[in-house]
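Commentary on secondary and tertiary structure
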Amino acid sequence: MAMTHTASPTQRMGWAFPACLLLVLAVLFALTPPYYGGDVAEYTAETVALATHASPDIRLADVDRTLQLAPYLGGPLGLLRQGMAAGDEKLYAAFMRGRDRKVYSIHALGYPALSVPPFKLLEGLGLPPFKAFQVVNYAAVFILGLALWRFFRSGPKAMFGVALFLGCAGILYLDWTSPECLSAACLLAGLLLFLCDAPIAAGLLGGVAGLQNPTLVFFFVFAPLLKLQLDYRAGLGLAANLRARLPRRAVAGLLLGAALYALPTLFSLATFGVPNVIAKYFTLPELVNATRLLSFFFDLNQGMILGIPGVAAALALWGWRSGPSLRRNGATLALCLLFTLALMLPSLAVPNWNSGAAGVMRYAFWASMPILLALLLRLKAQARWPAALVAGLVLAQAGAMWHASTYAYTRFSPLAKMALAWAPYQYHPEPEIFAERAGNNDDYIWPDKVYTYKEPGQVQKILFCPADARSDALLCGEGAVPGPDNHVVESTHGWRYIDGPVRCRPAAGQQNIHKEIFAIGQLCQIRLP
């Protein structure tokens, strides 16, 4: 009896798209060097250690080898080497001694482990070995392209999806020696494949995405929720829908991905005695507040809106029809927004809020993927895409990427400068962002300092801590205090802004209106890890 062969999606669509995507990525890879940003000292040293002796502990020889390959890391790695050689208990920044007294990075090993094979290959070929991080990032984008290919069943639409991912901050982090691109691409690819009934691959990608960013554990909650919501049939009832939409293969894929995700937790338990050493020692729950929540989404220097303005506008402006489609689209968008919120909330506790970034905050980049998914789902549902909307989307995202590439994370963005010039009494960034960008440095924020922004012809803006005993002298000089006629705006954790030049009065017989409700040192001072 003749057997009937059903062509797979790959066979039906041919190989033109993956070949084209691979060629484009190969050209980009060849033309661009790696960008040593983010947690570069940790990931380079970890990779060298794993490649040299197949164990994650970092030795003096590993530090020396890393410095030989990347001498511009002499600052952080020089301090690490000094502390290791002296046998110090507390080491530089994100390096710690484990329970065995050996030295480890606090960051998980997934990204460096994935980088080891290309590292050794490139080194053997006489090529820059730290381009290995680019190999991993580009491979993740290629996998995302294949997932988009399956999702759209169209090469051109899949290529548009890849371009859209790159235009939503992917291009900004594609060449970074840090895992943001890997996490974002694998998260989005995993969601697409889970919705396309490829749960084993989806689960593995969800696990890979979460190797470096623990909050991505929410993939294993929202992927099945989105699948259930999108394919739910009202007449079947909840139990029947669960069996139909989440069969054993789907559960197996989620469990497999969760097991992969759990590996860093097990390693941290074995090495440091806690499930997550970063959460234990390098987060501060008291930093979570509404100011940071708004900053995460809407800050004009590094907020999520800077990465996805066109996506957000397209979702808001696209025609919404009444009836079942409106309810279903609205429910999908609500789930995606809730997913983003779940990814975002733990990041509010990091003490280094104004951390190294390529325009858009690193956390905001991969946390925006569920919102991008909502737009991709709407595009898939349309046989013909609205030309004006797509054109506007492309222009908005291209403009956003250009804007994000024009400034460093220790400088105010062009948009922020416009706000400081045109709406100085309405724009008050999260204090750490203002302090570091006003001073053009990465030095946290200190209550015994006053931070000033002043440009010719613009309203001066000053950030200060009224709880600190030295603030009067810093603002007004000895023998004077700020008067009650200053335009004062309260910020978070006791910090306050003064808009305009400080108006001072003699201290004799005067009480600083800012001091009377504070105990010295009560606020502003946030302990550093």
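Up top is the structure these notes are about.
In this report, we go over the structure that sits alongside the text.

Definitions and limits used
- Residues numbered from 1 in each chain as written.
- Predicted model: local features only at pLDDT ≥ 70, side-chain atom pairs only at ≥ 80, totals over all residues.
- Heavy atoms only, no water.
- Salt bridge = Lys/Arg side-chain N within 4 Å of Asp/Glu carboxyl O.
- Helix = DSSP H or I, 4+ residues; strand = E, 2+ residues; numbered from the N terminus.
- Buried < 20%, exposed > 50% of the residue type's maximum accessible area, 1.4 Å probe, protein only.
- Disulfide = S-S within 2.5 Å.
- Core = buried A, V, L, I, M, F, W, Y, C linked by side-chain atoms within 4.5 Å.
- Contact = heavy atoms within 4.5 Å.
- Patch = residues over 30% accessible without salt bridge, like charges linked within 9 Å, V, L, I, M, F, W, Y side chains within 5 Å.
- Areas by Shrake-Rupley, 256 points an atom, 1.4 Å probe, with all protein chains shown as cover.
- Pairing = 2+ DSSP bridges.

Focus: the pattern of salt bridges
One pass over the full model with this rule turns up 15 salt bridges. The partner of Asp 499 in a salt bridge is Lys 461, with the nearest N and O atoms 2.6 Å apart. With Asp 499 in strand E7 (residues 496-499) and Lys 461 in strand E4 (residues 461-464), this pair connects stretches of sequence that are 38 residues apart. Grouping residues by exposure puts Asp 499 and Lys 461 together as buried. Taken together, the shared-partner salt bridges in this structure form one network comprising Asp 39, Glu 180 and Arg 362.

Concerning the state of the cysteines
All chains considered together, the criterion is met by 1 disulfide. A sulfur-sulfur distance of 2.0 Å marks the disulfide that ties Cys 476 to Cys 504. A torsion of -80° about the S-S bond marks the disulfide between Cys 476 and Cys 504 as left-handed. Taken together, the residues Cys 476 in helix H23 (residues 471-476) and Cys 504 in strand E8 (residues 504-506) connect sequence positions 28 residues apart. Cys 504 gets classed as partly exposed once you look at its relative accessible area, which sits at 35%. Just so you know, Cys 20 is unpaired, no disulfide at all, and the nearest cysteine sulfur is the one on Cys 181, 18 Å from it. Taking the relative accessible area as the measure of exposure, Cys 20 reaches 37% and is therefore partly exposed. The closest cysteine sulfur to the non-disulfide-bonded Cys 336 is located on Cys 168, 13 Å from its own sulfur.

Details of the nonpolar core
Phe 165, Phe 296, Val 311 and Leu 376 are the most contacted members of the largest nonpolar core, which has 124 residues in total. Top contributing element to this core by residue count: helix H9 (residues 180-195), with 13 residues. Filtering out sequence-adjacent residues up to four positions away, Phe 296 remains in contact with Gly 303, Met 304, Met 344, Ser 347, Leu 348, Trp 353, Met 361, Tyr 363, Ala 364 and Ala 367. Ranked by size, the runner-up nonpolar core spans 18 residues in total, among them Ala 419, Ile 445, Cys 465 and Ala 467.

Focus on a nonpolar patch on the surface
A surface patch of nonpolar side chains, amounting to about 320 Å² of accessible area, comprises Leu 23, Val 27 and Leu 31. Its place among the elements puts Val 27 in helix H2 (residues 16-31). You can call Val 27 partly exposed: its relative accessible area is 41%.

A closer look at the pairing of E4
Of the two faces of E4, the one lined by Lys 461 and Leu 463 and the one lined by Ile 462 and Phe 464 are each fully buried. Sheet topology places strand E3 (residues 451-453) next to E4; 3 bridges connect them, and they run antiparallel. Along E4, the bridge assignment pairs Tyr 451 with Leu 463. The pairing of E4 with E7 spans 4 bridges and is classified as antiparallel. When the sheet's bridge partners are listed, Leu 463 is paired in E7 with Tyr 497.

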